[in-house]
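# Reading the structure
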Amino acid sequence: MRAVSGPGPWKRGLVFAASALLLGLFMLLHAQITDRGGLGSLVESLLPWFGLFIPVLLAGALWRRSLSAVVALLLPVMVWLNLFGGLLSDKSHAGSDLIVASHNVGADNPDPVGTARDLAASGADILALEEITAQARGTYEKGLAKAYPYHAVLGTVGLWSKLPLSDTRPVDTGMDAGPLGATKPADVKMAYNRALRTTVATDHGPLAVYVAHLGSVRLMPRGGFWTDSRDRNAQALGKAIAAEQNERVVLLGDLNGTTDDRAFDGLTSQLRSAQEEAGNGFGFTWPAKFPVVRIDQILVRGVKPESSWLLPATGSDHRPVAAGISW
């Protein structure tokens, strides 16, 4: 008892104890981190991975036989579990009324034929594709035609469906900013349009489906984590969905960010993540060979996510995502 409760174990390893407390506070107060240079968005995108420091600090605490460090580690452990512990269990339920899927097929995909074949066999009732090039568009239309009698492609995004579509239109996500962008004719803008909205006729009534591919982000040595176009797109998309009259909404697409990122507050305040509500694990999607973040999302409103999962990898650098939803 004297060996355990004496001053030695509490005074040893104070550096590890302080590091543990700082880690816990860092995760707890992540929303207060400045977003100058995109720092806040970068931290929130990688937030789950900060949990890897916990076993490192625990090993240091045991090495130093430091009770103070072990006790201090309770803070980051509790914070991490509060933030992400719910993702560790399987929350899926069997059965659903509709299966939806989304995939950034990749502009540099070396095998669009194989990708179309795999997606056609996925069993999805509604399939959204992003980053469709003009050269590959015909390949996807041909490869998916048998499984999906209805489809719409506007610019670089498209939706394939086993159910009828109507009222399909582009969604202005602010791709062109400033006076110069406003002067571009509609046919020029359509060539690189990256979001659409359509209505799917289901047995339970109309379902509003949005497909979006938000602007890319870049980690630059001098500029930091550049997210300007993505953030602008996210804000515009959030306004479009806020104006949506249909109470049942599904958003499918590559948002180039995680739902923990503050840039998506305008979307996550209206929509729920299928992965967080009905998935098993984090569901990381990018890069496909070793996924570390989930930037491909299925967000819903007015319907119930029953399950959420990843589809097998294709020739793209993104993993496809799918979810079962019910009314």
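About the cut-offs
Residues numbered from 1 in each chain as written. Predicted model: local features only at pLDDT ≥ 70, side-chain atom pairs only at ≥ 80, totals over all residues. Heavy atoms only, no water. Axes fitted to C-alpha atoms, helices over the stretch in contact; angles between N-to-C directions. Helix = DSSP H or I, 4+ residues; strand = E, 2+ residues; numbered from the N terminus. Parallel < 35°, antiparallel > 145°, perpendicular 65-115°, else oblique. Left-handed = near helix turned anticlockwise from the far one by under 90°. Contact = heavy atoms within 4.5 Å. Nonpolar A, V, L, I, M, F, W, Y, C, P; charged D, E, K, R; others polar. Expected span 1.5 Å × (residues − 1). Buried < 20%, exposed > 50% of the residue type's maximum accessible area, 1.4 Å probe, protein only. Arc of directions from axis to C-beta. Pairing = 2+ DSSP bridges.

This brings us to the packing of helix α3 (residues 14-28) against helix α7 (residues 74-84). As a packed pair, α3 and α7 sit with axes 7 Å apart at the nearest point and diverge in direction by 25 degrees. The angle between α3 and α7 places the two elements in the roughly parallel class. Handedness of the α3/α7 crossing: left-handed. Of the residues in α7, those in contact with Ala20, Leu21, Leu23, Gly24, Leu25, Met27 and Leu28 of α3 are Leu75, Pro76, Val79, Trp80 and Leu83. Per-class residue counts for the contact of α3 with α7 are eleven nonpolar, one polar and no charged.

Next up on the list: helix α5 (residues 53-64). Between its first and last C-alpha atoms α5 spans 16 Å; for twelve residues at 1.5 Å apiece the expected length is 16 Å, and the two agree. Residues of α5 that are buried: Ile54, Leu57, Gly60 and Ala61. Down the axis of α5, the buried side of the element spans an arc of 125 degrees, and every buried residue falls inside it. Among the exposed residues of α5, those oriented more than 90 degrees off its buried face are Val56, Leu62 and Trp63. Those residues of α5 hidden inside the fold are in contact with α3, α6 (67-72) and α7.

So, on to the sheet that holds strand β1 (residues 98-104). As a general point, the strands of a sheet are linked pairwise by backbone hydrogen bonds and lie either parallel or antiparallel. Pairing is mixed across the open sheet formed by six strands, whose spatial order is β3-β4-β2-β1-β14-β13. A strand with exactly one partner marks an edge of an open sheet, and here the two such strands are β3 (150-154) and β13 (304-310). Averaged over all pairs of adjacent strands, the angle between strand axes in this sheet comes to 15 degrees, irrespective of strand direction. Pairing between β1 and strand β14 (residues 321-326): five bridges, direction antiparallel. Counted as the bridge partner of Ala101 is Ala322 from β14.

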